[in-house]
Structures are given as structure tokens and as C-alpha cells.
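Here is how the chains run, residue by residue.
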Amino acid sequence: MSRNINVALIYDFDGTLSPGNMQEFGFIQAIGKDITQFWEQSNGLAHDNDASQILCYMYMMLKFAKANNISLKRESFKKFGANIELFPGVYEWFELVNNYAKDRHITLTHFINSSGLKEMIEGTPIAKEFENIYACSYLYDVDGVAYWPAVAVDYTAKTQFLFKINKGIKEVSDTIQINKYTPEEDRPMPFSHMIYFGDGTTDIPSMKLVKEHGGHSIAVYGDSSKKKMALMLIKENRANFVCKADYTEKGEIYSVVKRILDKIKSDNEFSRLLNIHRKRCE
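Residues numbered from 1 in each chain as written. Predicted model: local features only at pLDDT ≥ 70, side-chain atom pairs only at ≥ 80, totals over all residues. Heavy atoms only, no water.

Draft legend 1. Structural detail: the packing of aromatic side chains. The final tally for this structure, using the stated rule, is 16 aromatic pairs. Plain terms: the ring middles of tryptophan 93 and tyrosine 254 are 6.2 Å apart, the flat faces sit at 85 degrees to each other, and that makes the pair edge-to-face. Of the two residues, tryptophan 93 sits in helix H5 (residues 90–102) while tyrosine 254 sits in helix H10 (residues 252–279), which places them 161 residues apart along the sequence. On the numbers, 5.4 Å between centres and 90 degrees between planes, the contact of phenylalanine 94 with phenylalanine 130 is edge-to-face. Of this pair, phenylalanine 94 sits in helix H5 while phenylalanine 130 sits in strand E3 (residues 130–140); the two residues are 36 residues apart in sequence, bridging distant segments of the chain. Taking the relative accessible area as the measure of exposure, phenylalanine 94 reaches 1% and is therefore buried. You can call phenylalanine 130 buried: its relative accessible area is 9%. For arginine 104, the ring lying beneath its charged end belongs to tyrosine 100, and the centroid distance is 3.6 Å. (Phe/Tyr/Trp six-rings, centres within 6.5 Å; stacked < 30°, edge-to-face > 60°. Helix = DSSP H or I, 4+ residues; strand = E, 2+ residues; numbered from the N terminus. Buried < 20%, exposed > 50% of the residue type's maximum accessible area, 1.4 Å probe, protein only. Lys NZ or Arg CZ within 6 Å of the ring centre and 35° of its normal.)

Structural data, given as C-alpha cells:
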């Protein structure tokens, strides 16, 4: 009888599940800026001060929201998140791929690993599909108003969450268990059982880490302008596959993920067979 296999599907958000940065679907318009203007000012602030682009965009969101009397409560960010556009098939993707896995005695767990804003992702209709959302977030005062960054996730920070998934740790604040030695066989989610979906530079370290540890990385692109970079990730050996951001049943992503799941199952069964034969010599 087949044993159940656990596999993690880990997604970036902006450019991977959504065709743009999440702030561009209502928030920037609400503060009276156009998209280009907002990012030029935010990135300019980072450049002029040799600062983190992530912390600067979080600061600019707070600054412009206050200036335009936009609510800074968690619920307000979630309302903006409800307007985020998603790529074709994303709504149906989770049931589709979960069912394929279930038929093969594979349990899928979905995670977000994003430099976007957690509070906005929580407002999307797909938020319930994720075991955990690792992303930027704010601290809130006694009145529930955002006032300071709590978590800022850049390209290197993303890799720490892969180790948290590997060890089964949900808390971002944990610094004890994550650094505690845990034998590979005792870790609940092996890297070889991870599939990472990403589109941009902030995903490169995570995609390469998963790939080099036996997992699989998929470079996703939304249009022809992003395809060149995705193909470069293959050429530079940082990703395994490159697919257009189409999560429908007929899309290439589904075809690729099915084959990856089949391989993980086959590798798992082969390892079990080897162990059975080794034990005969004991």
C-alpha cells in the first residue's frame, strides 16, 4: 500500500500569481498617484539613501495613505487586496492540482513567499488556500492602525522561509528552532519535495536553493517582456522550467507540475525499495 507523500508548492505573488504589483490594483490610484510615478518615487528614495527598496515602498505606502486620509487599518489593506487581478486559472488551480495529487497519494501544501504585502494577500479570494503567507507586513498600534514595518522580505530574506517550511516552522519571529540542528530525515518537508514558482530577481536565490537541493523551480512569465528573463534563468541553471503564467488545466504549468509530482512519487517509491533490500543484509 502506497504511503502518503508530502509536497510543498511555494509561490511568489507579484508577477507569478498576479500580472502586476499588488499596489497597482487600487491602492496607488486611491492615493492620487499613477503607477509609474509611485514606483519612481519609491525606488528613487531607496537609491538616494542606499536603502532597501522593500522598506522604502512600505514607507511610501504609509506616507501617501496618511496624506490622502486613506485608512491604514488591516481591514483596509485587505479590501485593496480583494481587487488584485490574478492570472488565468489561478482561482481553479488549487482544486485542480490538489485532486491530481490526491489520486496519487500525495498531499500538497501551498505557501506564499513574497516581497509584497501580507495584509493585501490576505484579502484575495485565494488566501484560504495557503498554509502560511510569508510576506512583508506592518506593526499596528492600539487603534489597529499601521505605523511601522514588522517584516520586510527581500530576495535573500525569502530563502529563510524555505528553511522554515523545511523544518515545519510557521512563526516569522522564531530564531531558536530554525537554527537548531535537525537531522534531514526528521524534517517534515524535504527540499526535494518542494516546487517553487517565481518570476523575478527577488526569487532567484530561492529558486536556485530549491533546485540545488533536489527540488524543482519554475520560472513564470506573464508576457513577452518577462519571457526573456525567465529563459535566462534556465540558461544560467537557476530554474528547471519556464512556463507562461497560465494555471488552467490546458496550461503548460499544470502539465509540468503533474510530471514533477509523478517524479517525486516515483523517486520516493524507488528509495523505499532500496531501503527494503538494504535491510535484508542487516
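Draft legend 2. Looking closely at unusual backbone geometry. Positive phi values are uncommon outside glycine, yet aspartate 50 reaches one of about 50 degrees. On the secondary structure map, aspartate 50 appears in the loop between helix H2 (35–49) and helix H3 (53–67). In this model, asparagine 69 sits at a positive phi of 55 degrees, which is unusual for a non-glycine residue. Along the chain, asparagine 69 turns up in the loop between H3 and helix H4 (74–81). According to the relative accessible area criterion, asparagine 69 is exposed, its value standing at 73%.

Draft legend 3. Layout of the packing of H5 against H10. Orientation of H5 relative to H10, taken along the N-to-C sense of each, is 30 degrees, at an axis distance of 10 Å. Taken as axis vectors, H5 and H10 run roughly parallel relative to one another. Classified by chirality, the crossing of H10 by H5 is right-handed. Each of Trp93, Leu96, Val97, Tyr100 and Ala101 in H5 lies in contact with H10, whose residues at this interface are Ile253, Tyr254, Val257, Lys258, Arg259, Leu261 and Asp262. Residues belonging to the contact of H5 with H10 are distributed by class as follows: nine nonpolar, no polar and three charged. (Axes fitted to C-alpha atoms, helices over the stretch in contact; angles between N-to-C directions. Parallel < 35°, antiparallel > 145°, perpendicular 65-115°, else oblique. Left-handed = near helix turned anticlockwise from the far one by under 90°. Contact = heavy atoms within 4.5 Å. Nonpolar A, V, L, I, M, F, W, Y, C, P; charged D, E, K, R; others polar.)

Draft legend 4. A look at the pattern of salt bridges. All told, the structure shown has 12 salt bridges when counted by the stated rule. Notably, a salt bridge pairs lysine 158 with aspartate 12, separated by 3.1 Å at the nearest N-O pair. Here lysine 158 is found in helix H7 (residues 157–167), whereas its partner aspartate 12 is found in the loop between strand E1 (5–11) and helix H1 (27–30), with 146 residues between them in sequence. Its relative accessible area of 0% is what places lysine 158 among the buried residues. For aspartate 262, the salt bridge identified is with arginine 259, shortest N-O distance 2.8 Å. Separated by three residues within a single helix, aspartate 262 and arginine 259 lie in helix H10, roughly one turn from each other. Assessed through its relative accessible area of 24%, aspartate 262 is described here as partly exposed. (Salt bridge = Lys/Arg side-chain N within 4 Å of Asp/Glu carboxyl O.)

Draft legend 5. Layout of the pairing of strand E4 (residues 146–151). Where E3 and E4 come together, four bridges link them in antiparallel fashion. The residue of E4 that forms the bridge with tyrosine 140 is alanine 146. Once E3 ends, the chain turns through five residues before running back antiparallel as E4, passing glycine 144 with a positive phi of about 80 degrees. (Pairing = 2+ DSSP bridges.)

Draft legend 6. Seen up close, the nonpolar core. Counting residues in each nonpolar core, the largest one holds 86 residues, and the members touching the most others are Phe77, Trp93, Leu117, Phe197, Tyr247 and Leu261. Per-element accounting of this core gives the leading share, eight residues, to H3. (Core = buried A, V, L, I, M, F, W, Y, C linked by side-chain atoms within 4.5 Å.)

Draft legend 7. Structural view of the packing of H2 against H3. Following both chains from N to C, one finds H2 and H3 inclined at 125 degrees, their axes separated by 8 Å at the closest point. Between H2 and H3, the angle falls in the class oblique. Our pair here, H2 against H3, has a crossing hand that is right-handed. Residue-level inspection shows Phe38, Trp39, Gln41, Ser42, Asn43, Leu45 and Ala46 of H2 in contact with H3, the latter providing Gln53, Cys56, Tyr57, Tyr59, Met60, Met61 and Phe64.

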